[in-house]
Amino acid sequence: MHIKKQRLLTPGPTPLYPPALRAMMASDIHHRTDDFRGVYKSVLADLKKVMGTSNDVILFAASGTGAMEASVTNLFSPGDKVIVCSAGKFGERWAEITKAYSLDVTVLQSEYGDVVTPERIRQALAATPGVKGVFVQASETSTGAAHDVRAIGRSVTGTEAIFVVDAITGLGTMPLDIDDWGLDVVIGGSQKAFMVPPGVAFLSVSPKAWKRAETATLPHFYFDLKKEKKSGDKGESSWTPSTAVILALGEALCYVKELGMSNLVENAQLLARATRAAVGQLGLELFAPNSPSASVTAVKAPRDIDSSVIVKEFRNRFGAIIANGQGSMKGQIFRIAHLGYFDFADLFAIIAELEIILHAHGHPVKFGSGVAAVEHVYAEAAVAQPVSVM
Ligand SMILES: *Cc1c(COP(=O)(O)O)cnc(C)c1O
């Protein structure tokens, strides 16, 4: 028997920020009190701050999908023409939600690992007059690909369409200038780069989207943007909030503010770059080589090894919980996450473990070659602060 520490290394839920975890112990608090109102208000204000937007931010007790659904039911009417970009399992979720609510959906589909190009969206908008909404993933977590939301925003701004961005793994991993790029709705979730457990979803809402909410007719009750905005202004949620997760989020947001959102993004991007270099050294291929995201790196398993075996080996040998492919990608790819509370020490371990696992399954590996690639990226980026000697 050896000691094996369990480590959660998936792209959601992600590793927890320890002070946030401790903050949850104060959840023996009632939500209709001034103490909690203070926390709730600062969480809303801090989310706005780290998202870098002047738009309102609305928060729900839900996983990310709840906020996705809220964007549909509050801003659209049955039969509205919308464009859904679908390049993976989460794009498929947009198609499912919009169809479930009887929107008239045009799905722009790309192969898993690819993205929907801004040009295709521009053409679809030009070919379909009266489009009321465009839906996309900033980062498609299932494939490790990132959409060019800035360029897409340029095509959508100036039309009557609301641009709805699922940035659940985009926030904190890529620059997103919500106000300047015309991102009308930007959705986030607590269990991704925000380093706390699942249970809270949030979204920013632009003036253009609020205007649409005035005329939209789809029914909604629990996820009511206008009602929630009114409650939020008073430091309350309309229904019982996820108190424990709000307390955790408050703590994590202080950390993100201290770090700086741009440094959180840079951290993910650096780890992603190092991961790409490492797996390249180990002779493995990326699943989304043309537009890799910094939230998660999807790696193709070697031809003769099922990725489920690699995932299982990570868990059995090292207690490391990493992500398999989803749907038809299961068994084909494994995913190494970088979003939120991940650091180089995590990555050194993950890559060393990967070398050992590949070697054990007959894949030719020069021990240390992947780790060396990470070390080079670390050294070149001069990540360490200079140590002051007294
Ligand atoms: C995690 C995730 C979601 C939300 O999933 P939930 O399980 O509802 O939190 C949506 N989109 C993307 C891109 C995600 O990574």
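Figured I'd write up the structure that's included with this text. (Residues numbered from 1 in each chain as written. Predicted model: local features only at pLDDT ≥ 70, side-chain atom pairs only at ≥ 80, totals over all residues. Heavy atoms only, no water.)

## Some thoughts on the side chain of Ser-139
Inspection of the secondary structure assignment puts Ser-139 in strand β6 (residues 139–140). We classify Ser-139 as buried; its relative accessible area is 2%. A polar side-chain atom of Ser-139 sits 2.7 Å from a polar atom in the side chain of Thr-169. Only 2.8 Å separates the side chain of Ser-139 from the side chain of Ser-295, close enough to count as a polar contact. In contact with Ser-139, other than residues within four places in its own chain, are Ala-145, Ala-146, Asp-166, Thr-169, Gly-170, Met-174, Ser-293 and Ser-295. (Helix = DSSP H or I, 4+ residues; strand = E, 2+ residues; numbered from the N terminus. Buried < 20%, exposed > 50% of the residue type's maximum accessible area, 1.4 Å probe, protein only. Polar contact = N/O pair within 3.5 Å; in protein donor to acceptor, adjacent residues only side chain to side chain. Contact = heavy atoms within 4.5 Å.)

## Focus: the site of the ligand
Around the ligand, 14 residues are found, and the nearest of them are Ser-63, Thr-65, Thr-141, Asp-166 and Lys-192. A distance of 3.3 Å separates an oxygen atom of the ligand from a polar atom in the side chain of Arg-93. Here Lys-192 contributes a side-chain N or O atom positioned 2.7 Å from an oxygen atom of the ligand. When isolated, the ligand has an accessible area of 380 Å², and the protein chains bury 87% of it. Sorting the residues of the shell around the ligand by element identifies α3 (64–75) and α4 (89–100) as the ones contributing at least two each. Broken down by element, the residue count for the shell around the ligand peaks at 3 residues, all from α3. Broken down by class, the residue content of the shell around the ligand amounts to 3 nonpolar, 8 polar and 3 charged. (Near = heavy atom within 4 Å. Areas by Shrake-Rupley, 256 points an atom, 1.4 Å probe, with all protein chains shown as cover. Nonpolar A, V, L, I, M, F, W, Y, C, P; charged D, E, K, R; others polar.)

## Topic: the pairing of strand β14 (residues 333–337)
A large share of β14 lies buried, amounting to 5 of its 5 residues. Pairing of strand β11 (residues 296–300) with β14, which is carried by 5 bridges, proceeds in the antiparallel orientation. Residue pairing for β14: Thr-297 is matched across the bridge by Ile-336. Where strand β13 (residues 323–324) lies against β14, 2 bridges are found, and the strand directions are antiparallel. Within β14, the position partnered with Asn-324 by the bridge is Phe-334. (Pairing = 2+ DSSP bridges.)

## Considering a positive patch on the surface
A grouping of Lys-4, Lys-312, Arg-315 and Lys-330 is seen on the molecular surface, where their side chains present a positively charged patch. Here Arg-315 shows up in helix α11 (residues 307–318). Residue classification places Arg-315 among the partly exposed residues on the basis of a relative accessible area of 41%. (Patch = residues over 30% accessible without salt bridge, like charges linked within 9 Å, V, L, I, M, F, W, Y side chains within 5 Å. Salt bridge = Lys/Arg side-chain N within 4 Å of Asp/Glu carboxyl O. Lys, Arg positive; Asp, Glu negative; His and termini not counted. Charge placed at Lys NZ, Arg CZ, Asp CG, Glu CD.)

## Some details on the packing of helix α5 (residues 118–127) against helix α6 (residues 149–156)
How two helices pack is summed up by the angle between their axes together with the distance between the axes. In the contact formed by α5 and α6, the axes pass within 9 Å of each other and the chain directions differ by 15 degrees. Viewed along their axes, α5 and α6 adopt a mutual orientation that is roughly parallel. In this structure, the crossing between α5 and α6 has a hand that is right-handed. Side by side, α5 and α6 meet where Pro-118, Ile-121, Arg-122 and Leu-125 of the first sit next to Ala-151, Ile-152, Ser-155 and Val-156 of the second. Looking at the contact of α5 with α6, its residues break down into 6 nonpolar, 1 polar and 1 charged. (Axes fitted to C-alpha atoms, helices over the stretch in contact; angles between N-to-C directions. Parallel < 35°, antiparallel > 145°, perpendicular 65-115°, else oblique. Left-handed = near helix turned anticlockwise from the far one by under 90°.)

## A word on the sheet that holds β13
The strand order across the open sheet built from 3 strands is β11-β14-β13, with neighbouring strands paired in antiparallel fashion. For this open sheet the edge positions go to β11 and β13, each flanked by a neighbour on one side alone.

## Some details on the environment of Tyr-222
One can find Tyr-222 in the loop between α7 (207–215) and α8 (225–233). In this structure Tyr-222 comes out as partly exposed when scored by relative accessible area, which is 34%. Sequence separation between Tyr-222 and Gly-66 is 156 residues, and the spatial gap between their C-alpha atoms is 9.8 Å. Look past the residues within four positions of Tyr-222 in its chain and what remains in contact with it is Phe-60, Ala-61 and Trp-239.

## Concerning the sheet that holds strand β2 (residues 56–61)
Pairing in this open sheet of 7 strands is mixed, and the strands run β2-β10-β9-β8-β5-β3-β4 from one edge to the other. Either end of the sheet is taken by a strand with one partner, and the two such strands are β2 and β4 (104–109). The mean inter-strand angle of the sheet, taken between neighbouring strand axes irrespective of direction, is 20 degrees. When strand β9 (residues 185–189) meets strand β10 (residues 200–205), the two strands line up antiparallel, connected through 5 bridges. Residue Gly-189 lies in a different strand from β10, and its bridge partner there is Ala-201. Here α4 sits on the sheet and contacts β3 (81–86), β4, β5 (133–137), β8 (162–166) and β9; the angle it forms with β3, its principal contact strand, is near 160 degrees. Lying over the sheet, α6 contacts β5 and β8, oriented at roughly 165 degrees with respect to β8.

## Here's the deal with the side chain of Thr-73
With respect to the helices and strands, the residue Thr-73 is situated in helix α3. Filtering out sequence-adjacent residues up to four positions away, Thr-73 remains in contact with Tyr-101, Leu-218, Pro-219, His-220 and Phe-223.

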